[in-house]
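Structural description and commentary
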Amino acid sequence: MTTIAESRPVALKEAVYQRCLNIDCGATYGVSEVRVKCGVCGDLLDVAYDWSRLPTPKRLVDLEGMWSKRHEPLRFSGVWRFHELLPFAPANRVITVGEGQTLLQQADFVSRYVGLRPGQLYLQYEGMNPSGSFKDNGMCAAFTHAHMVGAKRAACASTGNTSASLAMYCAVTQLMKAIIFIGTGKISYGKLSQALEYGALTVQIAGDFDDAMARVQEISKELGIYLVNSVNPFRLEGQKTVMFRVLEALRWEVPDWIVVPGGNLGNSSAFGKAFMELKELGLISRVPRLAVINAAGADTLDVLFNQRNLRWNRGRPRMETACWYYDELDRNKTKADTIASAIEINRPVNLKKCLRALDVCDGVVRKVSDQEILDAKAQVGAGGIGCEPASAASVAGAKLLRQQGVIGYEDRVVCILTGHQLKDPTATVAYHTTDQDKFEEVLGSRGVTRASYANRAIAVPNNVEAIIKAIQLYS
Ligand code: F0G
């Protein structure tokens, strides 16, 4: 198990600072420095706190009182409501559009599908955020930091949701211009339409997300544009609050499992940091187990963790294992490919932080096929909560872990539904279609052979009698 104290002690001038993740480096930077990498060794950065010099809650239950102050912008936000647990910005400087008003839903219909005792499965529906995905949790934090340091332009590479979120914050606040980098043909229309309508400068690169991610880092450095991808440590501070809300909804009881889709691995990294800090602050006595679920067509974490035994290793993971694997991908010209386009990522930028989260939370990693993802998605939908394909990876992963006996029948499980159903209607409509050619065109190439939970429209003649007959037959 990892604790923050394991990191090399640093001379602290400020109670809040940025610190290199590499424990053999441990370089620190002020909170108002803009960087996404350590200037000494190039590793990722963490936002770090000297909690002893900050006002922290004595008990988590004390945070519930913040609801009664929701007329204040700080407490209205489901992120900033927990400001004491991410206190990097002065309270009067935070930016909010009312993100994080999301719900933990007990989902008995889906629990049957997953194979859990009724009452034990919960879905944390982050699709209810203003831009329709969990990204707003992190974006309000990064955006706040960007504004604190006087940024006028902000950029990201995106499979769609990050760009929709950034574009929205820029449009609502009119404080910055959004510049988004997307891969060609890789972004769902729902997400693209948001970025376009919110006025983002949209740069379509002849490549995939991994290419866009590499280019945006180079270009934002060159042009001095503020980068809001999850390599930005402030993003992850906001995403910690998804876990705070889960705990709050469970009356501060820690569940047995948190199951989350893994793409760029920002969420899993943030969740691990949240639990690490809550434990360090003595606010929880145990941490949940974490399951990170890859799509089979974008399974870097699964390969590295399960086949090549890459571990946090007390802060010294053998990252060369990842470099060798990326070389292999290049040699074999392997590109990520999954219907869950949001997690179609082969080079997750937060890999190292995710390893730490897996260590903190005694985590497991699994991959699920596009077939399993779409079946799980259809079941989530049939239970009344729509989600996009990537989100359903969490439910498909929970089902798999249940079948493998890793998750027990009685375990209390929280699956994170990361994005709204309407983000990617193409996959949904293709799954439920009666048109076999459409099914083949969208899903066939991805190894999806059946739609076991399809709810197909019925075609009827334009005739009252025939319509009544059909309704009576099918209802
Ligand atoms: N689910 C959805 C709906 C997403 O949009 C993403 C990431 C993930 C899961 C993966 O989360 O990166 O924290 O592991 N979407 C990014 C984007 C990459 O550009 O919108 P992660």
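Basis of the calculations
- Residues numbered from 1 in each chain as written.
- Predicted model: local features only at pLDDT ≥ 70, side-chain atom pairs only at ≥ 80, totals over all residues.
- Heavy atoms only, no water.
- Patch = residues over 30% accessible without salt bridge, like charges linked within 9 Å, V, L, I, M, F, W, Y side chains within 5 Å.
- Areas by Shrake-Rupley, 256 points an atom, 1.4 Å probe, with all protein chains shown as cover.
- Salt bridge = Lys/Arg side-chain N within 4 Å of Asp/Glu carboxyl O.
- Helix = DSSP H or I, 4+ residues; strand = E, 2+ residues; numbered from the N terminus.
- Domains from an automatic or database assignment.
- Contact = heavy atoms within 4.5 Å.
- Buried area = accessible area lost by both parts, 1.4 Å probe.
- Buried < 20%, exposed > 50% of the residue type's maximum accessible area, 1.4 Å probe, protein only.
- Expected span 1.5 Å × (residues − 1).
- Core = buried A, V, L, I, M, F, W, Y, C linked by side-chain atoms within 4.5 Å.
- Near = heavy atom within 4 Å.
- Polar contact = N/O pair within 3.5 Å; in protein donor to acceptor, adjacent residues only side chain to side chain.
- 1 Å grid on protein atoms, 1.4 Å probe; cavity = no way out; pocket = protein on both sides within 12 Å on 5 of 7 lines; lining within 4 Å.
- Sits in = over half its atoms within 2 Å of the grid points.
- Nonpolar A, V, L, I, M, F, W, Y, C, P; charged D, E, K, R; others polar.

Quick look at a nonpolar patch on the surface now. Together, Ile458, Val460, Ile467, Ile471, Leu473 and Tyr474 make up a nonpolar patch on the protein surface, roughly 590 Å² of accessible area in all. Relative to the elements of secondary structure, Ile471 occurs in helix 16 (residues 464–474).

A separate point is the domain arrangement of the chain. Where interface size is given, it is often the accessible area lost as the parts come together that is meant. Domain boundaries in the chain define domain 1 (16–53) and domain 2 (58–132 + 233–475). Taken over C-alpha atoms, the centre of domain 1 sits 28 Å from the centre of domain 2. Contact residues are listed per partner, giving 15 residues for domain 1 and 22 residues for domain 2. Between domain 1 and domain 2 lies a buried interface of about 1500 Å² when both sides are counted; carbon and sulfur atoms form 62% of it. Where domain 1 touches domain 2, the interface holds 4 salt bridges. If you tally residues by element for the side of domain 1 that touches domain 2, the top one is strand 3 (residues 45–49), at 4 residues.

The tally for this structure, following the rule as stated, stands at 31 salt bridges. The partner of Arg316 in a salt bridge is Asp24, with the nearest N and O atoms 2.6 Å apart. Of this pair, Arg316 sits in the loop between helix 9 (300–307) and helix 10 (320–331) while Asp24 sits in the loop between strand 1 (16–20) and strand 2 (28–30); the two residues are 292 residues apart in sequence, bridging distant segments of the chain. With a relative accessible area of 46%, Asp24 lands in the partly exposed category. A cluster of three or more residues bridged by salt bridges with shared partners is formed by Glu237, Lys240, Lys273 and Glu277.

End to end, helix 12 (residues 370–382) covers 18 Å across 13 residues, agreeing with the expected 18 Å (1.5 Å per residue, within 8%). Across the 13 residues that make up helix 12, a large majority, 10, are buried. Buried residues of helix 12: Asp370, Gln371, Ile373, Leu374, Asp375, Ala376, Lys377, Ala378, Gln379 and Val380, and no others. Within two residues after helix 12, Gly384 carries a phi angle of roughly 100°, on the positive side.

Okay, the nonpolar core next. Phe88 and Leu166 are the most contacted members of the largest nonpolar core, which has 105 residues in total. Per element, the largest residue contribution to this core is 7 residues, and it comes from helix 7 (residues 233–249). Residue contributions to this core reach at least three from each of two domains, namely domain 1 (16–53) and domain 2 (58–132 + 233–475). Apart from the residues within four sequence positions on either side, Phe88 is in contact with Val16, Val31, Val47, Tyr49, Trp80, Ala141, Thr144, His145, Met148, Phe234 and Glu237. If you look at the next biggest cluster of nonpolar residues, it comprises 35 residues, including Ala107, Ala291, Val395 and Val413.

Looking at the secondary structure, you find Glu388 in the loop between helix 12 and helix 13 (389–403). In contact with Glu388, not counting residues within four places along its chain, are Asn161, Lys191, Ala342, Lys377, Gly419, His420, Gln421, Lys423 and Asp424.

Around the ligand sit 21 residues in total, of which Thr162, Gly263, Asn264, Leu265 and Thr418 are the nearest. Within the backbone of Thr159, a nitrogen or oxygen atom sits 2.8 Å from an oxygen atom of the ligand. In the model, an oxygen atom of the ligand is placed 3.0 Å from a nitrogen or oxygen of the Gly266 main chain. For the ligand, whose unbound accessible area comes to 480 Å², protein coverage reaches 99%. According to the grid-proximity analysis, the pocket containing the ligand is the largest cavity. Going through the elements one at a time, helix 4 (161–173) and helix 8 (266–280) are the ones with two or more residues in the shell around the ligand. Taken together, the residues that form the shell around the ligand break down as 7 nonpolar, 12 polar and 2 charged.

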